[in-house]
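# Architecture and fold: a report
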Amino acid sequence: MINGHEVVKAGLSLALFGGCQKYVDDKNRIPIRGDPHILVVGDPGLGKSQMLQAVCNVAPRGIYVCGNTTTTAGLTVTLSRDSATGDFALEAGALVLGDQGICGIDEFDKMGNQHQALLEAMEQQSISLAKAGIVCTLPARTSIIAAANPVGGHYNKGKTVSENLKMGSALLSRFDLVFILLDTPNVDHDHLLSEHVMAMRAGSKETLRGATVTRTDTQDSSVLEVPSERPLKERLKGRPGEYFDPIPHQLLRKYIGYARQYVHPKLSLDAAHVLQDFYLELRKQNQGIDSTPITTRQLESLIRLTEARARLELREEAIKEDA
């Protein structure tokens, strides 16, 4: 169990629920993707891989691959010839097997030049193949959650985001959320973290209470819906000494499966106005050379995350609070 990083966990839980796939006019047209992609970048030893594996375990269909042992064919699709009959056969890779689920890619920075294999799968949500007289398109409607270390091991604040990640803007703009985790010494946080780690090793429930969190007031509505001026990070944090009762894995997996299958939220007018204002504000600020490119994709990302937030509460309409 990873202590802290509340906002990253909130983002990962939204990715588990995902937005709704839209079709323009009718179902024979090109669909607009509803699966958010998330990138977690940070210094070593902050528990990125554990969070990634936890998400893949909870997801109704989750596939975990490691970037340094992955080839392009292993991600997409490979064509092999059967030795007995001489026929060609298609063998599905990780993205095709994770269709309508989640694909977690660890060590994303060690993939070499395999990033271009993801470009089509991430935006068009399909993988097209043209080899040896076989031309076909396979569906790959999967959320990609990637974990990476910055170039040189530690994040350099003097460089821009794309320089730290050594990633082209074509790939970076396809991620809905990019989290940058920095390992800065902090007395209070380090004290809580060390207490948490030692309690986990000791296996004692009582010492575990010092660092783990819970909600004492079990209100009917969500903790995020209560009007508050505090930032999200503070609202998600629990107080030390509280008792924490997590939802069992199997139940959470069923809940996510149910929400993805039966709940399809629509965007309300209030929520749409909030998102539009925020997007226009982002476009205004995006004048610098080193900033991440803000395109229409970012507006679609905001809509997807808003729908996921409504789906988490099994609502059929995404309201202003979700946005």
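Residues numbered from 1 in each chain as written. Predicted model: local features only at pLDDT ≥ 70, side-chain atom pairs only at ≥ 80, totals over all residues. Heavy atoms only, no water.

To be explicit about the condition: UniProt positions are given in the numbering used here, feature names are shortened, and annotations may be inferred rather than shown by experiment.
Under the annotation held in an unreviewed UniProt entry, the protein chain carries the name MCM C-terminal AAA(+) ATPase domain-containing protein and is attributed to Staurois parvus. Regarding the protein chain, the relevant UniProt record gives this comment under Sequence similarities (unreviewed entry): "Belongs to the MCM family."

### Let's talk about the overall build of the protein chain
As a reminder, the rule being used: Segments assigned H or I by DSSP are reported as helices when at least four residues long, segments assigned E as strands when at least two residues long, and all are numbered from the N terminus. Exposure classes here rest on a 1.4 Å probe applied to the protein chains alone. A residue is buried below 20% of its type maximum, exposed above 50%, and partly exposed in between. Pairs of residues are marked as contacts when any of their non-hydrogen atoms sit within 4.5 Å. Surface accessibility in these figures is a Shrake-Rupley result with a 1.4 Å probe; residues are shielded only by whichever protein chains are displayed.
Along its length, the protein chain carries 13 helices and 13 strands. The buried share of the protein chain, taken over its 323 residues, is 39%. Taking contacts inside the protein chain between residues at least 6 apart in sequence as the whole, the part at least 24 apart equals 71%. A total of about 18100 Å² of accessible surface is found on the protein chain, and carbon and sulfur atoms cover 54% of it.

### A word on the pattern of salt bridges
Here is the rule: Any Lys or Arg side-chain nitrogen located within 4 Å of an Asp or Glu carboxyl oxygen qualifies as a salt bridge.
Counted under the stated rule, the structure contains twelve salt bridges. A salt bridge links Arg-260 to Asp-35; its shortest N-O distance comes to 3.4 Å. Of this pair, Arg-260 sits in helix H11 (residues 249-262) while Asp-35 sits in the loop between strand E2 (31-32) and strand E3 (38-42), and the two are 225 residues apart along the sequence. Between Asp-99 and Arg-141 there is a salt bridge whose closest N-O contact spans 2.7 Å. With Asp-99 in the loop between helix H4 (94-97) and strand E7 (102-106) and Arg-141 in the loop between strand E9 (134-139) and strand E10 (143-148), the pair connects residues that are 42 residues apart, well separated along the chain. Arg-141 sits in the partly exposed class, given a relative accessible area of 23%.

### A word on the pairing of strand E11 (residues 177-181)
Formally: Any two strands between which DSSP finds at least two bridges are classified as paired.
Of the two faces of E11, the one holding Leu-177, Phe-179 and Leu-181 is buried and the one holding Val-178 and Ile-180 is not buried anywhere. Direction of pairing for E3 relative to E11: parallel, over a ladder of five bridges. From the neighbouring strand, Val-40 faces E11, where its bridge partner is Phe-179.

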